[in-house]
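So the chains spell out like this:
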Amino acid sequence: MNRHYVVTGGAGFIGSAIVRSLLREGAGKVLVIDNLLTGRESNLDEVRASIDFQRADICNYQEIAPLIAGAAVVFHEAAIPSVPRSIDDPVPSHEVNIDGTFNVLRAARAGGVGRVVYAASSSAYGDTEVLPKVESMKPSPKSPYALQKLVGEYYAGIFAGVYGLETVSLRYFNVYGPRQDPSSPYSGVLSLFMKAVLERKSPTLFGDGEQSRDFTYVEDVAALNLKAARAPHVSGNVYNAGNGDRITLNQAWQLLQRIEGAGIPALYGPPRAGDVRDSQADTTAAVRDLGHNPQFSFEAGMRLTLDWYRNSR
Ligand code: UD1
């Protein structure tokens, strides 16, 4: 029998990219679980006829367990993202990111799922003395969000070790690209940059703008998810999902000015609580074990992303 694929958070920015990649690779049955809190059905417009969309909440075990049972792979992307959001309003992010993840793992175990690929976060590292950040470094979360994502990762490891459920965790490094929602103050910084440049407005950089990130294009992350779903002998492991480069916010804004032929100065505000200073992935393990092979340079990804925002306005 053809087993199905489940993407929790499949109407979200990253989840919907995984859905499209699965369909491109010929996956027969793709089931999306999303409560549409931060996800949008319009992210799935092109593929709506090819998927089974279920509006359900990962905080409700009874609701999701039958949908997950029997799946070949569950890609667990559903979460309440954002470091500042978790600081301002920690209860919902705790419940979704920790209890919801526990429910997904529990349902996967009970339902005989082949593998769970979990969306972990580079925020788990916190500030490290050395760059790039390697999986063997001691985690040092600086915010509720970072801790919640780390707990999910630990739970995935426990379900692998104790219950024999196959799990793989991918620590995403600041994913960006088409469909990232720029409408909230909690939105990813590059989506806010895109909106600002197209509206010819100044973005506000928190601090001096010299903090750096390993911005990773969403299609590279989706491709890595599919690889993590197939790779042999990786259960229980954690991998960095980044490019291995880093760029400061000032550089990112300058690049966007150059691409757009604009000259808008950024504004500067106070540093943000819980913010990590520098972030850069060591991708050695992901390349070796999963065949990670990112295709998009920062400039290429930024150009594609800007085109998408321009066309979707
Ligand atoms: C963190 C995680 C990332 C995770 C994401 C989920 C790290 C290194 N990364 O991203 O893996 O997927 O949470 O939400 O912890 N900024 C501004 N102006 C703005 C908005 C943001 O200057 O208007 C700055 C922030 O202070 C920060 C940087 O831009 O220094 C990136 O912020 P954001 O896009 O929110 O992501 P992280 O918190 O880095």
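Shown above is the structure to which this text applies.
Throughout this document, residue positions are counted from 1 along each chain, in the order its sequence is written. pLDDT decides what is reported in this predicted model: residues at 70 or higher carry local features, side-chain atom pairs at 80 or more are listed and counted, and totals for whole chains, interfaces and linings draw on all residues regardless. As a convention, hydrogens and water are excluded, and side-chain values are obtained from all of the structure's heavy atoms.

Caption draft 1: Main features of the overall build of the protein. A helix here means a DSSP run of H or I that spans at least four residues, while a strand means a run of E at least two residues long, and both kinds are numbered starting from the N terminus. Along its length, the protein carries 10 helices and 13 strands. For 313 residues, the compact-globule formula gives about 20 Å, and the C-alpha radius of gyration of the protein, at 19 Å, lands near that figure. Along the first, second and third principal axes, the C-alpha atoms of the protein reach 55 × 45 × 40 Å. Only protein chains enter the area calculation, which uses a 1.4 Å probe; residues under 20% of their type maximum are buried, those over 50% are exposed, and those in between are partly exposed. Relative to its 313 residues, the protein shows a buried fraction of 55%. A contact between two residues is defined here by any heavy atoms of the two lying within 4.5 Å. By sequence separation, contacts in the protein at least 24 residues apart represent 81% of the contacts at least 6 residues apart. Per element, the accessible surface of the protein, about 13300 Å² overall, is 51% carbon and sulfur. None of His or the chain ends enter the tally, which takes Lys and Arg as positive and Asp and Glu as negative. Think of each charge as sitting on NZ of Lys, CZ of Arg, CG of Asp or CD of Glu. Averaging the positions of the 31 positive and the 33 negative side-chain charges in the protein gives two centres separated by 2 Å. Two things to know: the radius of gyration comes from C-alpha atoms, and the globule rule equals 2.2 Å times the number of residues to the power 0.38. In these tables, accessible area is a Shrake-Rupley quantity obtained with a 1.4 Å probe, and a residue counts as shielded only by the protein chains included in the view.

Caption draft 2: Region of the structure containing the pairing of strand β6 (residues 167-172). The element β6 is largely enclosed, with a buried count of six among its six residues. Burial along β6 is two-sided: Thr167, Ser169 and Arg171 and Val168, Leu170 and Tyr172, pointing in opposite directions, are all buried. Between any two strands, at least two bridges found by DSSP are needed for them to pair. Bridge count for strand β5 (residues 115-121) against β6 is six bridges, and the pairing is parallel. Within the sheet, the bridge partner assigned to Tyr118 lies in β6 and is Ser169. Handedness of a crossover is defined as follows: orient the strands so they point away from the viewer, and if the path from the first strand over the helix to the second runs clockwise, the crossover is right-handed. Crossover β5 to β6 through helix α5 (residues 144-163) is right-handed. Bridge count for β6 against strand β11 (residues 237-241) is five bridges, and the pairing is parallel.

Caption draft 3: Molecular detail of helix α1 (residues 13-24). Helix span, as expected, comes to 1.5 Å for every residue beyond the first. The end-to-end C-alpha separation of α1 is 17 Å, in line with the 16 Å expected for 12 residues at 1.5 Å each. Of the positions making up α1, those classed as buried are Phe13, Ile14, Gly15, Ser16, Ala17, Ile18, Val19, Arg20, Ser21 and Leu22. Where the residues of α1 are buried, they touch β1 (5-8), β2 (30-34), β4 (73-76), β6, β7 (175-176) and α7 (218-230). Looking one or two places after α1, you find Gly26, whose phi comes out positive at around 90°.

Caption draft 4: The packing of aromatic side chains, seen in detail. When two rings of Phe, Tyr or Trp (its six-membered ring) have centres within 6.5 Å they constitute a pair, described as stacked for plane angles under 30 degrees, edge-to-face for angles over 60, and tilted for the intermediate range. Under the criterion given, the structure shown has 12 aromatic pairs. Judged by centre distance (5.0 Å) and plane angle (55°), the rings of Phe159 and Tyr163 are tilted. Of this pair, Phe159 and Tyr163 both sit in helix α5, separated by four residues, roughly a single helical turn. Given the relative accessible area of 3%, Phe159 is considered buried.

Caption draft 5: A look at the site of the ligand. Near residues are defined by distance, with any heavy atom within 4 Å of the molecule or strand qualifying the residue. In the neighbourhood of the ligand, 22 residues make up the surrounding shell, with Val189, Thr204, Arg213, Arg272 and Asp275 lying closest. In protein, a polar contact requires one atom able to donate a hydrogen and another able to accept it; more generally it is a pair of N or O atoms within 3.5 Å, and residues adjacent in sequence count only if both atoms are side-chain atoms. A distance of 3.0 Å is found between a nitrogen atom of the ligand and a side-chain nitrogen or oxygen belonging to Asn174. Separating an oxygen atom of the ligand from a backbone N or O atom of Phe206 is a distance of 2.8 Å. Mapped by element, the contributors of at least two residues to the shell around the ligand are α6 (189-198) and β8 (204-206). At three residues, the largest contribution of residues to the shell around the ligand is made by β8.

Caption draft 6: Seen up close, the packing of α6 against helix α10 (residues 298-311). Running from amino to carboxyl end, α6 crosses α10 at an angle of 55°, the nearest separation of the two axes being 10 Å. Judged by the angle between their axes, α6 and α10 are oblique. Classified by chirality, the crossing of α10 by α6 is right-handed. Here α6 contributes Leu190, Ser191, Met194, Val197 and Leu198 to the contact with α10, which in turn contributes Phe298, Met302, Thr305, Leu306, Tyr309 and Arg310. Residue classes follow a fixed rule: Ala, Val, Leu, Ile, Met, Phe, Trp, Tyr, Cys and Pro count as nonpolar, while Asp, Glu, Lys and Arg count as charged, and any other residue, Gly among them, counts as polar. Looking at the contact of α6 with α10 residue by residue, the classes come out as eight nonpolar, two polar and one charged. For helices, the fitted line uses only the C-alpha atoms of the stretch in contact; every axis is such a line through C-alpha atoms, and the angle between N-to-C directions lies from 0 to 180 degrees. Each angle receives one of four descriptions, namely roughly parallel if under 35 degrees, roughly antiparallel if over 145, roughly perpendicular if within 65 to 115, and oblique otherwise. It is the rotation of the near helix from the far one that decides the hand of a crossing: anticlockwise by less than a right angle makes it left-handed, clockwise makes it right-handed.

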